[in-house]
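Summary of structural features
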Amino acid sequence: MVAGEVTNKEEAVLLILLKAGLWEKEPDNLSHFPLSDESWAEVYRLAQRQTVTGLVYQGMCLLPDKLLPSEPQLMRWVARADAIERSNRRMNGVLARLCGMFEENGLTPVLQKGQGVASLYENPLLRECGDIDLYFPKKEERQYAASLVRKSGWHIKNEADGSACYEWNGVQVEHHPRLFDINNPFVQDSLKKVEHVHGYRTTLLSDGTEITVPSPLLNLLLLNTHIMKHAFGWGIGLRQLCDMARACYSFRDTVNPLEVKTLYHKTGIGKWSRLLHSFLQDYLGLPPAFLPYEEEHLPSRPLLDIILRGGNFGQYAAGRSNLSQSMWKRKLHTSRSFLSNACFSYGYAPKEAFWTFINLSIGQANAKRTLFPGSGFPL
């Protein structure tokens, strides 16, 4: 199959309109148009599964009038785009109030992904928002932040990986103990050094709120490894790949290509990054000149298959909807999902795949011991 070619018509249209919306350029292929109402409904369903409805709508608006969907279909897209914009404005307000509380108490939370990455888009309000992920570099800061949240009356749930989760004014918030989704213990010290050297910077959200985010180099590694983590497990959606594409486009002149390449290879994700960068070119239309560095192209269809199969964070993967809420059963299913993708993960990042599996196994055993004390489950 030719790079970037998709045989299913609705999936092909999804990617064509997504590219157009992502870069605000007229669709580069109109051979699949016009579409029937049934096909438009399927494109809408696919866009929702990938949480890119706003971006696809933006691309759809660049079609010639005669190729637009019928009025009833179009109204559904318009209503969804309006809802996405309103959700983003609400999210920005919640984020500003939450971070404002921390800053008033001497803390400077670092926003991971989310609204910080949305600021890299031409129209940030049409990128669908999720939850708020915050990072506090020091353990003492995380503990103090958690105490402030509790004093404000919100219940915090502590996760096995050290994260703290709660709901703030209707929005899910997580405090993370790590900036990067890297499990290999032998690279943690060097990652801390890179984090210390490159640090953080401030950026403006669409409403003018100033927020602290990772520096461009750290942001590239954060987004890259976040996609990898989920691709190796339940799955990943197109929204996170769009984030990576916009970051590459925005940071190309502010990062040192050799530094990025060296960092990727030191952390054991060099081949994975080749796959990721190839996907951004093949299916999202990122010009090669905007990749962090030049490298040999890899066939990227395997990553597209994972994306289309599971949708946003693998929520639509087979068996996912029937999962028990039991912690240890969820961990068990996550481990099984990772094993089903073992050939893929070990093929592109063997060291990271190995340590991810070790951590999953330990987490699963610990969860069983917590629920069934004295059961003798081995570590």
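The structure contained in this document is the topic of the report that follows. (Residues numbered from 1 in each chain as written. Predicted model: local features only at pLDDT ≥ 70, side-chain atom pairs only at ≥ 80, totals over all residues. Heavy atoms only, no water.)

1. Re the overall build of the protein
In terms of regular secondary structure, the protein is built from 15 helices and seven strands. Evaluated residue by residue, the protein yields a buried proportion of 52% over its 379 residues. Considering only contacts in the protein between residues 6 or more positions apart, those separated by 24 or more positions represent 70%. Total accessible area on the protein stands at roughly 17400 Å², and carbon and sulfur atoms take up 52% of it. (Helix = DSSP H or I, 4+ residues; strand = E, 2+ residues; numbered from the N terminus. Buried < 20%, exposed > 50% of the residue type's maximum accessible area, 1.4 Å probe, protein only. Contact = heavy atoms within 4.5 Å. Areas by Shrake-Rupley, 256 points an atom, 1.4 Å probe, with all protein chains shown as cover.)

2. Some words on the packing of helix α8 (residues 216–232) against helix α11 (residues 270–284)
For the pair α8 and α11, interaxial distance at closest approach is 11 Å and the crossing angle is 95°. The angle between the axes of α8 and α11 places the two elements in the roughly perpendicular class. For the pair formed by α8 and α11, the contact residues are Asn224, Ile227, Met228, Ala231 and Phe232 on the first element and Trp272, Ser273 and Leu276 on the second. Among the residues making up the contact of α8 with α11, the classes are represented as six nonpolar, two polar and no charged. (Axes fitted to C-alpha atoms, helices over the stretch in contact; angles between N-to-C directions. Parallel < 35°, antiparallel > 145°, perpendicular 65-115°, else oblique. Nonpolar A, V, L, I, M, F, W, Y, C, P; charged D, E, K, R; others polar.)

3. Topic: the pattern of salt bridges
Any two side chains of opposite charge can pair, so long as their charged atoms come close to each other. A full pass over the atoms with the stated rule returns twelve salt bridges. Arg301 is paired through a salt bridge with Asp305; the nearest N and O atoms lie 2.8 Å apart. Within this pair, Arg301 and its partner Asp305 are both found in helix α12 (residues 301–310), separated by four residues, close to a single helical turn. (Salt bridge = Lys/Arg side-chain N within 4 Å of Asp/Glu carboxyl O.)

4. Considerations on the pairing of strand β5 (residues 171–176)
Of the strand pairs in this sheet, strand β2 (residues 132–135) and β5 are connected by four bridges, and their pairing is parallel. If you follow Asp133 over to β5, its bridge partner there is Glu174. For strand β4 (residues 164–168) and β5, the ladder comprises five bridges, and the chain directions are antiparallel. Bridge pairing links Trp168 to Val171 in β5. Here β4 hands over to β5 after two residues, with Asn169 in that stretch at a positive phi of 50°. (Pairing = 2+ DSSP bridges.)

5. So, the packing of helix α1 (residues 9–23) against helix α3 (residues 53–60)
At their nearest, the axes of α1 and α3 sit 7 Å apart, and the two run at 85° to each other. Judged by the inter-axis angle, α1 sits roughly perpendicular to α3. Here Leu14, Leu17, Leu18, Ala20, Gly21 and Leu22 of α1 lie close against α3, whose contacting residues are Leu55, Val56, Gln58, Gly59 and Met60. Partitioning the contact of α1 with α3 into residue classes produces eight nonpolar, three polar and no charged.

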